[in-house]
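Notes for the structure review
So you can see what is in the structure, the chains are spelled out below.
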Amino acid sequence: MLIGPRPSLLRRALAALAVAGALAVALSSLHSTTVAAQSGAALQTPEQYFGFRMGADRKLADWDRLLAYYQSLAKTSDRVKLVELGQSSEGRPYIALFISSPANLARLEAIRQMNATLADPRAATQAEIDRIVKEGRAVVIQTFALHSSEVAAAQTAAEFVYDSLTRNDEEAVRVRDQVISIVVPSINPDGTQMIADWYMKYVGTEFEAAALPWLYQKYAGHDNNRDGFALNLPESRNLAKILYREWVPQAYVDHHQMGATNARLYIPPYAEPIRPDGDPLVWREMSWWGAHMGTQLEAAGKTGVVGAAIYSGWGHMGFHWITPFHNIAGMLTESASARLATPMFLHPDQLRGGPRNLPSYEPQTTMPSVWPGGWWRVRDIVEQQKIAAWATVDLAARNRETVLRNMYLKASRQVERGRTGPVKAYVIAAGQHDPLTVRKLVNMLMASGVEVHEATAQVIVEGRVYARGSFVVSMAQPKQALVRWMLGRTFYPDNTYTRERDGDPIRPYDMSTDTFGEFMGVRSDPIGEPVPAASLVKVAAPLVPAATVAASAPHGYVLDGRLNDSYRAVFLLLAKGVGVRRVNAGTTDGRIRAGDFLVPPGDVAAIARQAGVDFVAATNPVPANMTALKAPRIGLFQRYRGGNMDEGWTRLLFEQFDVPFTSVRDADLKAGGLQAKFDVIVLPADSIAAMTGDDPPGGTRGGGGGGEGGDAGQRRTPPEFRSGFGADGVKALQAFVEEGGTLVTFGQAADLPVQRFTLPVRNVVAGVLSKEFWAPGSTLKVRYANDHPLAYGMPAEGLALFMAGSQAYEVTSTDRSQDVAILATYVERDLLQSGWLIGEQVIARKAAAVAVAQGKGRVVLIGFRPQNRAQTHGTFKLVFNALLTER
């Protein structure tokens, strides 16, 4: 027997809904008129301003016009305050819109201070907390358009902002009265402009919906959400300013798109596994907010909405995944994509399940209704994102006092957990291998709102002596969970949540550890007893290096080769024609070490300040065994096919350290004659197919957006942007090496010279099943041959970040063994420092990096990414050494 509404009742219900909808439109129009009267001038709808409805087929509003629209709203309405937080990587304004009632906006600073007290209540009385809960306002931050090929969010933001200002129904009035709604309408303004320009240029042509050929963020592309702690990008720093320090909201939502063929929308909470140690309330809150989103979406007739699936709670330390450790309910929505702004038709049998708790495309408790298939448009995405965004602020408004008290509870309980837990503090000892990088880590912690103290005198704790200048990061602070994950050793869970039924490991969403201290080569010691406070002083401002220059240096200056920033100074000096020499054998008194740099006497004060390093007077006699350096001519390979994120991060690193370089394209390689132009050519991590174009690479990495990549993308890309240097490029690179050049490869890019140049090494993890070897973004223990010029400045023992595509090598030819120099070797056993490692015996005692002599030149194969995301400071020197060129 079929159970359901009778047809006549269903018709009546649909008719009632239609009348209600018409009434809502009429009321909306009336409310718009009312607010116009209140504001003194009419606010244009997005459709009126842009000439089309947001999400209309084959239409995109670009950033320049979106910015102008927001500026016009801010000039007209007293319900919004536009704040320019900074600039983007390409110099565009980066804005946030503070939306609330005029009364709340008039006391915005007072509300911010109350909010800050809840986020860190250590100095507050209970009476003060109770008063703030009564008088404060909930704070919600929502961000849009981080990944610019996920085009809907930038369009959604315009409608959400307009509705937030103009709606005068009970819900909207309550939201403005009870909530400070902070909207960042584009985290990536440059990409929003790029994608709109690209897409609209080719609409109506055979190239419509082709993927953007280059990175849609100048340096990071899709990786721009992997910058939530290092804050290398100006966009990340702008957002961190309000998200981590100035406002610390109770809820944060980042609106995204995903692939096209499973659920229509992912909403919170995350699937298993979660990254533990956040306050339990934060995980409950994500479920709470997600349930409200889901209820509102189902009530609006939206289908195919799933929660607790696809995206695990253990993800990368980007903004929505790192915020739970700031005691913020950090959340994500992911809509199914169209083809950029072009509609997509999907048959029911094209709809499938997804990873993590969505085994098939069928109703389940976390997705009770399924979308039946048909046309899928950007307008569909705009509508569901807008409902989710409204649900977020609506819950905060309806439950303001609960939300505010929860913020206090999370913070205070985390303080208590840190005070009583097994680790009371992390101590970053003075006198480490690269003390300037230590200071950068401290600055990163402070940029995330973490409290750090410095020892003003010797500190003895747990029988260990820490010298003056050591840093102490107490766990008795609200963000102690963030401290734990940034500084503490980490082990990714290995259980039924992280393995398939057949035992195959499931790849973590990004990496299995994000322990930044390890990435940066900085040791932080967990301490199980309170550190005496008498000798500690709070670090109140970002640390600035002294950058001293010896008053008298008749024999020249010495730059410490263990410091990353010394290389920056060297590149600056060489660019000015200064004759820098590299020490190959140090002095017997140890004052000058192998790998240090000797700089002739002269005015170096400006470079000292720029690089942040000390120029120390050289003692006499100076070492005799030195190599004269010259300004290197460096080529960095850059392709199309959506761009290569590893290339973008390498480019950023080069700019940060003033490394001179030229971007090299396919045509440059195929033209040959490379030895006349370059001393060094760098191939960032990439597949042979993506570089040469010989075979389809299977698409470009990205979450959603629907632009076509891979072989199909190549065919649909305008000819001038098709990529691949082919056999001619390979021959030119081989000739470059044979004639005396240095070719440097990161990660899987080594496949090209190993396979095409027939080098006498092989990658021992190639073809090995994941059950037998698995290290998905893990820090592994390595010994560095720091007596070799290519490893100068490295510690004797350190770490390397092994991730997807990383390699380990063994020599395959006894005839050419002498041509191979081993620069770094994985240790014999217990390789794992942090992350997840299966089958350590596969790479134990194998080479992590080698240099192979070939003809008159050499190939430097660094089997991991030593510059990954410009975050792995501990291995930057491997890159810099490979770039330095003898005079």
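Structure shown above.
Structural notes, computed from the coordinates. Just so it is clear, the structure is predicted and the values come from calculations on it, not from any experiment.

Let's shift gears to the pattern of salt bridges. If you walk through the whole model with that rule in mind, you get 54 salt bridges. The residue E159 makes a salt bridge to K386 at a minimum N-O spacing of 2.7 Å. Linking E159 in helix α7 (residues 152–166) with K386 in helix α13 (residues 378–398), this pair joins segments that are 227 residues apart in sequence. Judged by relative accessible area, which is 9%, E159 ranks as buried.

Of the two faces of strand β11 (residues 425–428), both are covered, the one formed by A425 and V427 as well as the one formed by Y426 and I428. In terms of strand pairing, β11 meets strand β15 (residues 471–474) through four bridges, oriented antiparallel. Bridge pairing in β15 places A425 opposite S474. Bridge analysis of β11 against strand β16 (residues 525–527) gives three bridges, and the strand direction is antiparallel. Along β16, the bridge assignment pairs A425 with I527.

Moving on, we come to helix α5 (residues 108–119). Over its twelve residues, α5 runs 16 Å from end to end, which matches the ideal 16 Å to within 8%, given 1.5 Å per residue. Listed in full, the buried residues belonging to α5 are L108, I111, M114, N115, T117, L118 and A119.

Each neighbour pair has its own omega, and for E272 with P273 the value is 0 degrees, a cis peptide bond. Mapped onto the elements, P273 comes out in the loop between β6 (265–267) and α11 (280–299). Following N620, the chain continues to P621 via a peptide bond in cis, the omega torsion being 5 degrees. Locating P621 in the fold gives a position in the loop between β21 (616–617) and β22 (626–630). If you check the backbone angles, R58 has positive phi at about 60 degrees while not being a glycine. Assignment of secondary structure puts R58 in the loop between α2 (46–50) and α3 (63–76).

The next thing to look at is helix α15 (residues 435–447). When the terminal C-alpha atoms of α15 are compared, their 19 Å separation across 13 residues agrees well with the 18 Å that a helix rising 1.5 Å per residue should span. By the burial criterion, the buried members of α15 are L436, T437, V438, L441, V442, M444, L445 and M446. In the core, the buried residues of α15 are packed alongside α10 (234–246), β11, β15, α16 (480–487), α17 (516–519) and α18 (564–575).

Moving on to the side chain of R176. Looking at the secondary structure, you find R176 in helix α8 (residues 170–178). An unpaired buried charge is present at R176: no salt bridge exists, and D177, the closest side chain of opposite charge, is 6.3 Å distant. Looking at R176, its side chain comes within polar contact range of the main-chain oxygen of R167, at 2.7 Å. Discounting chain neighbours no more than four positions away, the residues touching R176 are R79, S100, S101, N104, S164, L165, R167 and N168.

The next subject is the packing of aromatic side chains. Scanning the entire structure with this criterion turns up 43 aromatic pairs. A centroid spacing of 5.2 Å and a plane angle of 80 degrees characterise the contact between F637 and F725, whose relative ring orientation is edge-to-face. Placement of F637 in strand β23 (residues 634–637) and of F725 in the loop between α23 (710–716) and α24 (726–738) is noted, with a sequence separation of 88 residues between them. On the basis of relative accessibility, which here comes to 3%, the residue F637 falls in the buried class. By the ring-pair criterion, three or more aromatic residues cluster together here, those being Y49, F50, F52, W63, Y69 and Y70. The ring centre of W485 lies 5.1 Å from the NZ or CZ of R275, which sits over that ring. The lysine or arginine in question, R484, covers the ring of W485, its NZ or CZ lying 3.8 Å from the ring centre.

Each value, and the rule that gives it
- Residues numbered from 1 in each chain as written.
- Predicted model: local features only at pLDDT ≥ 70, side-chain atom pairs only at ≥ 80, totals over all residues.
- Heavy atoms only, no water.
- Salt bridge = Lys/Arg side-chain N within 4 Å of Asp/Glu carboxyl O.
- Helix = DSSP H or I, 4+ residues; strand = E, 2+ residues; numbered from the N terminus.
- Buried < 20%, exposed > 50% of the residue type's maximum accessible area, 1.4 Å probe, protein only.
- Pairing = 2+ DSSP bridges.
- Expected span 1.5 Å × (residues − 1).
- Contact = heavy atoms within 4.5 Å.
- Lys, Arg positive; Asp, Glu negative; His and termini not counted.
- Polar contact = N/O pair within 3.5 Å; in protein donor to acceptor, adjacent residues only side chain to side chain.
- Phe/Tyr/Trp six-rings, centres within 6.5 Å; stacked < 30°, edge-to-face > 60°.
- Lys NZ or Arg CZ within 6 Å of the ring centre and 35° of its normal.

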